[in-house]
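# Understanding the architecture of this molecule
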2 protein chains.
Amino acid sequence: MDNNYTTYDEGLMNSVATGRAWRALIAYSEKNKSVHMQNLFARDPDRAKRYSALFEDIYLDYSKNRIDDEGMSLLLDLAQECDVAKGIQRMFAGEHINITEDRPVLHTALRNRSDRAVLVDETDVMPAVRKVLSRIEKFSNAVRGGRWQGHTGKAISDVVNIGIGGSHLGPQMVTEALQAYAQSGLRVHFVSNIDGVDISRTLQTVNADTTLFIIASKSFTTQETMTNAHAARDWFLQQGATEADVARHFVAVSTNRNEVARFGIDTDNMFGFWNWVGGRYSLWSAIGLPIVLSVGFARFSELLAGAHAMDEHFRRTPLEQNLPVILALLGVWYINFLGARSHAILPYAEHLRWLPDYLQQADMESNGKQTNLHGSFVDYQTGPVLWGSPGSNGQHAYFQLLHQGTHLVPADFIAVVNPSHDLATHHELLLANCLAQSEALMLGRTLEQTTEQMRADGYDDDTIQRLAPHRVFDGNRPSNTILLRQLEPRSLGSLLALYEHKIFVQGLIWDINSFDQWGVELGKQLASEILPELNEGPAQGRNTSTRLLIEYCRSQTDKKH
Amino acid sequence: MDNNYTTYDEGLMNSVATGRAWRALIAYSEKNKSVHMQNLFARDPDRAKRYSALFEDIYLDYSKNRIDDEGMSLLLDLAQECDVAKGIQRMFAGEHINITEDRPVLHTALRNRSDRAVLVDETDVMPAVRKVLSRIEKFSNAVRGGRWQGHTGKAISDVVNIGIGGSHLGPQMVTEALQAYAQSGLRVHFVSNIDGVDISRTLQTVNADTTLFIIASKSFTTQETMTNAHAARDWFLQQGATEADVARHFVAVSTNRNEVARFGIDTDNMFGFWNWVGGRYSLWSAIGLPIVLSVGFARFSELLAGAHAMDEHFRRTPLEQNLPVILALLGVWYINFLGARSHAILPYAEHLRWLPDYLQQADMESNGKQTNLHGSFVDYQTGPVLWGSPGSNGQHAYFQLLHQGTHLVPADFIAVVNPSHDLATHHELLLANCLAQSEALMLGRTLEQTTEQMRADGYDDDTIQRLAPHRVFDGNRPSNTILLRQLEPRSLGSLLALYEHKIFVQGLIWDINSFDQWGVELGKQLASEILPELNEGPAQGRNTSTRLLIEYCRSQTDKKH
C-alpha cells in the first residue's frame, strides 16, 4: 500500500510500469504537469469538438482534462501495450478471464439483444437467459396486474428486497433513477444492513398481507441477508399468517434450491442466475426483479437494450473512439501519472442519488487490488477511492476542497437535460450550476483577476491585499461532463455499461483481475471468531486492542430483564 | 494542487513544513514506514491500554495506528510548534480567529452550559443565546403539544425543513441519529437540492393543513433554499390556503427580518443566530429547530450538554491527553507523512447513516484550503477527502479496496454497544463485524499463513500456488474505533464536538483558516452568468467546452406545448 510496496517474487519483471508506454507517459507528465488547461483550449480551437462525443442521447465532454493529443496518443500506446483490444474480445468470447475463480465474465450476455450465441464452455447460454427473463416477465405482470395476491386475497402494495452488496446497490439505484416510470401504488423498499434498525423500520411501514419479500442471495447463505430474511419471516408469521402463506409472500433470487425450499419458498418462484455473473454486475439478471416490479418488464428491456448498445460500441469501436476506453485511460492518467487517489461522481440529479454508492462497489471492489495476474504485488497504484453525492448539495458541503484543496480529484459531472417534473426554473438553475462548476474548476481565477474584480467591487487596497490570496483559484482541475437527454431506461442502461467497461479496461491496464473479491474474506472469518467472544470474552490469542474493545462491549451491555 | 505547487510570494518562509518538528517527523517516517503494527503490539503489551481513552460513555481506541511513543511525541512537538494550545484558548476567548471574515468562532457558546460569560467584542453573548433557546423551547412545545395549529385547526403532523449545506446536513443527521427519541406522529422531512425532484416528492407525501415549513437561510437569499421555499409556498396556496395562512405554516431560521416578513412569515416566528456561528457549525443554534421539534427541547439540551462536556475537555486537557488533539495529530501523520489523501468514516449504525455526509462538510469545507494565514499557497497537503457509509453495507461494496487496494485510507469505525431495538442477534453480528474489520485491516494475513490455511482447507499445491497470492492481506492498515455505550443525545453531542475540534486543530497545524469558504464563490458567479445563456445561447467569451454543453442543452430541451 502507498509507498510501501512489498514484492514477494520476481513476477514484476513483467510490470506494465517498466514498459515503453508507461515510461513515455512519465516523461510526458514531467514535461506537461504545469500546463494549464486554459492554454490547451487557447492553442486548439477545435479541442472541445474533438474531445467530446455523442452516443445516442448521451453527450460526453472530456475536453476539460489536463491532456493534449500527444498525451492521448501515449495513453493509447499504453492500451496497445496492455493488449486492451484483445482483453475486450476475450471477455465477450466467454474466456475464463476471471482467472482466480476460473470463470468467464458474461454479464453482457444478460443484455444481449442480438441473435448472437454466447458460448460458455461450448454451450450457448442465451436460451437459459431468455427463459429466466420470460419467467420474470410473467411473474412481474402477475404482481403488477394484481393477479398475484397475498394470503388474504389482496393485491401487492409493497415489495421489500432483502439483499446486500450487488443484490442491493444496483436494484436500488436503478429503481430510484427510474422513479418517474414507477407504477403508482406499488412501493419498493430495500433492506441490506445487518443493523436491526434497517429491517425494523421497514417492517413498520408495510402490511403483511400486501407485502412481497424478495430474498436475494445467490448462495442463500449470506449472513446479513439471511438474518434479515428470517426476521421478516418471523414478523410475517406474527402478523397472523401461517407457514403455508409464506410461499405467497416470499420469493427468491438464488441458485440454492434446497435452502430456498427449506425457507418455505416455492421453488417455482425462485429466479436464478449463473456463476459468470458477478454480484456487482448482476442488476441485469434476476437480481433486477425489484426494478421490473417497479417499472415493468418493457422498461427493464429498454434498460437492457441501452446497455447492449454500449456493449456493441465497446466491442466494435477502435480504441481511440471507444468511450469506455477513453474514460479508463483518463483515469489511469490521473492515478498513475498525476497522483490522484480518488475520483468524484457528481450526479446533478436527485434521482441518481444512489449512483455514487453503486459505482463505489462497481469500481472499488473490482479494482481495489494489489496482486497482479501473475501473483505479484503491483508496483504502481490501482483503483481509486470513488465518492460523491448529488448536486447541487455538494456545492454547499465539500466543493470547497474540490476548488481550493491541495488534492487532485478528477470528477464526473452527470446531468439530465429534460426533467421529469414541471419546475422549469429549478431545472435551469440545476443545469446552470452543473455547467458552472466544471468551468470554475477548469478556469480558476488568478490573483490578478481576483484583485481586479475586488477593485471593481469597491474594496480598499488593504482589504484586497489581505483577502485576495484567499479568493484565488488555481483552476486546472479536471472533469468530464455527461449529459443525458432524459433520464430514461435506455440511456441509463448505456451509462451504466459505460462505467462497467471503463472499470474493466483499467483492470486490463493494471494487469489485475477485476472480477474477484478476495479482500472481503479475512474480515468475514474474523467476525465469526469474534461473535462468540462478545458473550464469552476474548480468546487467548486475540490482539489486545480488539480484546479491550470486546471487554468494553461486554461490560457495557444492558442486561435484558 | 498535488505536486504542482505555485507560490506567489515569499510567505512560505514561515511554512510549518520547514520547522524542526516537521523535519523530525519526516525522518521518523522514513525510518519507521515499514514497521508493521503487529510489531508495535508485540513489543509493547500495554499499548492498547495507553492508546485508548474513556470519555464519559465513549470509548476511543487509537492503538491500531502506525505510530509508537516516539512518533506521538514528535507529533506533540509539532502541535507545540504550531501553538495549538494558544489557538484553542484564542477560539474560546472570542478572538477574531476567522481572519478573512474578521469574526470570532463561537459555536461553543451555543452549548455553553456553564455560567461563564462569552465575550464578543466585550459583550456577553450568553443572554442572547439563552433567549433564542427559550423561544425555541416555547415554540417547539406548542407544536409538539398540538397547541400550535394549522389554518384548519389541526395539529402539525409533518415538518419540512428547507435549507442546504449547514442548514440541512447537521439537522438531518442528528434527527436521524436520534430517531429512537422522536415524537411519534410527527415526521420531519428535509429538502435541500435545487433539483425540483427533491421538493416535488416531499410535497407529495404531506398535507398542507398539517405541515409546518422551516425556511433555514441566514441571509434568506440562498438560491436553492429560496427557490424551494417559494415552490412550497406556491403549492401551499394551491392547496386552498390563503396568504394570511402562510404565517401559521411557515417559520424562518434567519437574520434577515425584512425578507422574512416579505415572504409572509410572522417575524415573531423568526429564530436568529449570529455571524460568529459558521453554517457548518450551526446545528447547535436555531438551525437545530427540526431536531428540537422531533425529539423535544429536553433532549436537545442533552445534546448541547454533551458537546459542552467535550468543549471543556478540549479547553482544559493537556495536549497529550486531549482527544480532539490526538485524533487531529494522527490525521496529520497519515496525510503529511504517509501520503494518505482520504479518510473513511464508517459508522456501524444505520441511524448514523448521515454522519459521513455531515462530516464531509465539517471537514472538507473547513480544511480543503491551500492558502495559509499569511496569504501564501501552502507547500504541503491539507484536509483529506472524507467519505464513507454505514456498515456492514460497505463490506459488500468497497471494503475490498480498504483491505487489498494500493491506497492508504485511515478509517474511523464508530459503533454503539446497546441498540434501540430488540433484535439481539442482529446487533451482535453488527458489532462482531465492526471489530473484525479493524482487526483484519491491522493484522493482515501473510503468504505463509494463507498457504497454511489453504493446505488445512484441503487445496492442492497447484491451486495454492496460483491462488494464495490473491488471498494475501498486507495488513498494517490503520483505524480508530469509537464505541458509544448508547446512541443518545449526550454522547452524540460529545462525538460531534470531538470531530469539530479535531478539524480545528488540524487547521491550526496547517496554518489555514478553517472557518471561511471562499472556494464556493467562483462557481456561484459563473452559474449566474450561465443561467441566461441556457436560453439565449453562450456568451462570446465562454470557453468552448462549456459552450458546446450549453448548445447541447438548448438543442435537446423539449419544448413545452
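Before any of the text, the structure's been laid out above.
Sequence order sets the numbering: in each chain, residues are counted from 1 along the sequence as written. The lettering of chains begins at A and the numbering of ligands begins at 1, in the order of writing. Given that the model is predicted, a residue must reach a pLDDT of at least 70 before its local features are reported, and side-chain atom pairs must reach 80 or more before they are shown or counted; all residues, however, enter totals for whole chains, interfaces and linings. Only hydrogens and water are set aside when side-chain values are computed; all heavy atoms of the structure are taken into account.

### Things to note about the overall build of chain A
For chain A, the helix and strand inventory stands at 23 helices and 13 strands. A globule of 561 residues ought to have a C-alpha radius of gyration of about 24 Å, and chain A, at 26 Å, matches this closely. When the backbone C-alpha atoms are referred to their principal axes, chain A occupies close to 80 × 60 × 60 Å. The cut-offs for exposure are 20% and 50% of the maximum accessible area for each residue type, with area from a 1.4 Å probe on protein chains only; residues under the lower value are buried, those over the upper are exposed, and the others partly exposed. Within chain A, the proportion of its 561 residues that are buried is 67%. Residues count as neighbours in contact if any of their non-hydrogen atoms are within 4.5 Å of one another. A separation threshold of at least 6 residues defines the contact pool for chain A, and within that pool the share at least 24 residues apart is 73%. Element-wise, carbon and sulfur atoms account for 47% of the exposed surface of chain A, whose accessible area totals about 19,100 Å². For the charge count, each Lys or Arg is scored as positive and each Asp or Glu as negative, with His and the chain ends excluded. Charged groups are reduced to one reference atom each: NZ for lysine, CZ for arginine, CG for aspartic acid, CD for glutamic acid. Each charge class in chain A was averaged separately, 51 positive and 65 negative side chains, and the resulting centres sit 3 Å apart. Secondary structure elements follow DSSP: runs of H or I of four or more residues count as helices, runs of E of two or more count as strands, with numbering from the N terminus. We take the radius of gyration over the C-alpha atoms and set the globule estimate at 2.2 Å times the residue count to the 0.38 power. Residue burial considers only the protein chains on display, and all accessible areas are found by Shrake-Rupley using a 1.4 Å probe.

### Topic: the interface of chain B and chain A
Residue-level contacts link 155 residues of chain B with 153 residues of chain A. The term buried area refers to how much accessible surface (probe radius 1.4 Å) is lost by two components on association, counted for both of them together. Of the roughly 13,700 Å² buried at the junction of chain B and chain A (both faces included), carbon and sulfur atoms supply 59%. A carboxyl oxygen of Asp or Glu within 4 Å of a side-chain nitrogen of Lys or Arg is what we treat as a salt bridge. Linking chain B to chain A there are 12 salt bridges. Salt-bridge contacts for Arg485 of chain A lead to Asp558 of chain B; the nearest nitrogen and oxygen are separated by 2.7 Å. A 3.5 Å cut-off defines polar contacts: any pair of N or O atoms within that distance qualifies, except that in protein one atom must be a possible hydrogen donor and the other a possible acceptor, and neighbouring residues in sequence count only when both atoms are side-chain atoms. Between the two partners, chain B and chain A, sit 88 residue pairs in polar contact (both at pLDDT 80 or more). The element best represented in the side of chain B that touches chain A is helix H18 (residues 424-443) of chain B, accounting for 13 residues.

### Description of the relation of the copies chain B and chain A
In this comparison the copies share one frame, found by least squares on the C-alpha atoms of residues holding pLDDT of at least 70 in both. Rotating chain B by 180° and translating it 0.0 Å along the rotation axis places it on chain A, where the RMSD comes to 0.0 Å. The operation mapping one copy onto its partner corresponds to a two-fold rotation axis. Of the interface residues in chain B, 99% have counterparts in chain A that sit at the interface too, so the contact is made through matching surfaces.

### Re the side chain of Thr100 of chain B
Within the secondary structure, Thr100 of chain B is located in the loop between helix H5 (84-92) and helix H6 (107-110). When its relative accessible area of 5% is taken as the criterion, Thr100 of chain B is described as buried. Of the polar contacts made by the side chain of Thr100 of chain B, one reaches the side chain of Asp516 of chain B; its length is 2.7 Å. Those residues in contact with Thr100 of chain B that sit more than four places away from it in its chain are Arg466, Leu467 and His470 of chain A together with Asn513, Asp516 and Trp518 of chain B.

### With respect to the pairing of strand S12 (residues 411-418) of chain B
Residues and elements named next belong to chain B. Counting buried residues along S12, 8 of its 8 residues qualify, which places the element largely inside the surrounding structure. At least two bridges found by DSSP between two strands are what make those strands a pair. In this sheet, S12 lies alongside strand S10 (residues 342-348) in parallel orientation, the contact comprising 5 bridges. Note that in S12 the partner of Tyr348 across the bridge is Ala415.

### Description of helix H16 (residues 355-367) of chain B
Residues and elements named next belong to chain B. How far a helix is expected to stretch is found by multiplying one less than its residue total by 1.5 Å. Along its 13 residues, H16 runs 18 Å from first to last C-alpha, staying within 8% of the 18 Å computed at 1.5 Å per residue. Across the 13 residues of H16, 12 count as buried, placing the element largely inside the fold. Looking at H16, one finds that the buried residues are Leu355, Pro356, Tyr358, Leu359, Gln360, Gln361, Ala362, Asp363, Met364, Glu365, Ser366 and Asn367.

### Overview of the pairing of strand S7 (residues 211-216) of chain B
Within a regular strand, side chains alternate between the sheet's two faces. All names here are of chain B. Buried residues dominate S7, accounting for 6 of its 6 residues. In S7, alternate side chains face the same way, and those of Thr211, Phe213 and Ile215 on one face and Leu212, Ile214 and Ala216 on the other are all buried. Pairing of strand S5 (residues 158-162) with S7, which is carried by 5 bridges, proceeds in the parallel orientation. Each bridged residue has a counterpart across the sheet, and for Asp158 the counterpart in S7 is Thr211. Pairing of S7 with strand S8 (residues 250-253), which is carried by 4 bridges, proceeds in the parallel orientation. Residue pairing across strands places Ala216 opposite Val253, the latter belonging to S8.

### Observations concerning the sheet that holds S10 of chain B
All names here are of chain B. Strand order in the open sheet formed by 6 strands is S1-S2-S13-S12-S10-S11, with mixed pairing between adjacent strands. A single partner strand is all that each edge strand has here, and the edge strands are strand S1 (52-55) and strand S11 (385-387). Taken over all neighbouring pairs, the strand axes of this sheet differ in orientation by 15° on average, direction set aside. The pairing of S10 with S11 spans 3 bridges and is parallel. Counterpart to His343 in the pairing with S11 is Leu386. Packed onto the sheet, H16 meets S10, S11 and S12 and runs at close to 165° relative to S11. Think of each axis as a best-fit line through the C-alpha atoms, taken over the contacting stretch in the case of a helix, with angles from 0 to 180 degrees between the N-to-C directions. Relative to S12, H18 is tilted by about 155°, and along the sheet it contacts S10, S12 and strand S13 (479-486).

### So, the packing of helix H8 (residues 169-177) of chain A against helix H16 (residues 355-367) of chain A
Residue and element names in this part refer to chain A. Running from amino to carboxyl end, H8 crosses H16 at an angle of 150°, the nearest separation of the two axes being 9 Å. One element, H8, and the other, H16, form an angle in the roughly antiparallel class. The hand of the H8/H16 crossing is left-handed. For the pair H8 and H16, contact is made by Leu169, Gly170 and Met173 and by Leu355, Asp357, Tyr358 and Gln361, respectively. Looking at the contact of H8 with H16 residue by residue, the classes come out as 4 nonpolar, 2 polar and 1 charged. For this classification, under 35 degrees means roughly parallel, over 145 means roughly antiparallel, 65 to 115 means roughly perpendicular, and everything else is oblique. Crossings are classed by handedness, with left-handed meaning an anticlockwise turn of the near helix from the far one by less than a right angle and right-handed meaning a clockwise turn. Here the term charged refers only to Asp, Glu, Lys and Arg, the term nonpolar to Ala, Val, Leu, Ile, Met, Phe, Trp, Tyr, Cys and Pro, and the term polar to all other amino acids, Gly among them.

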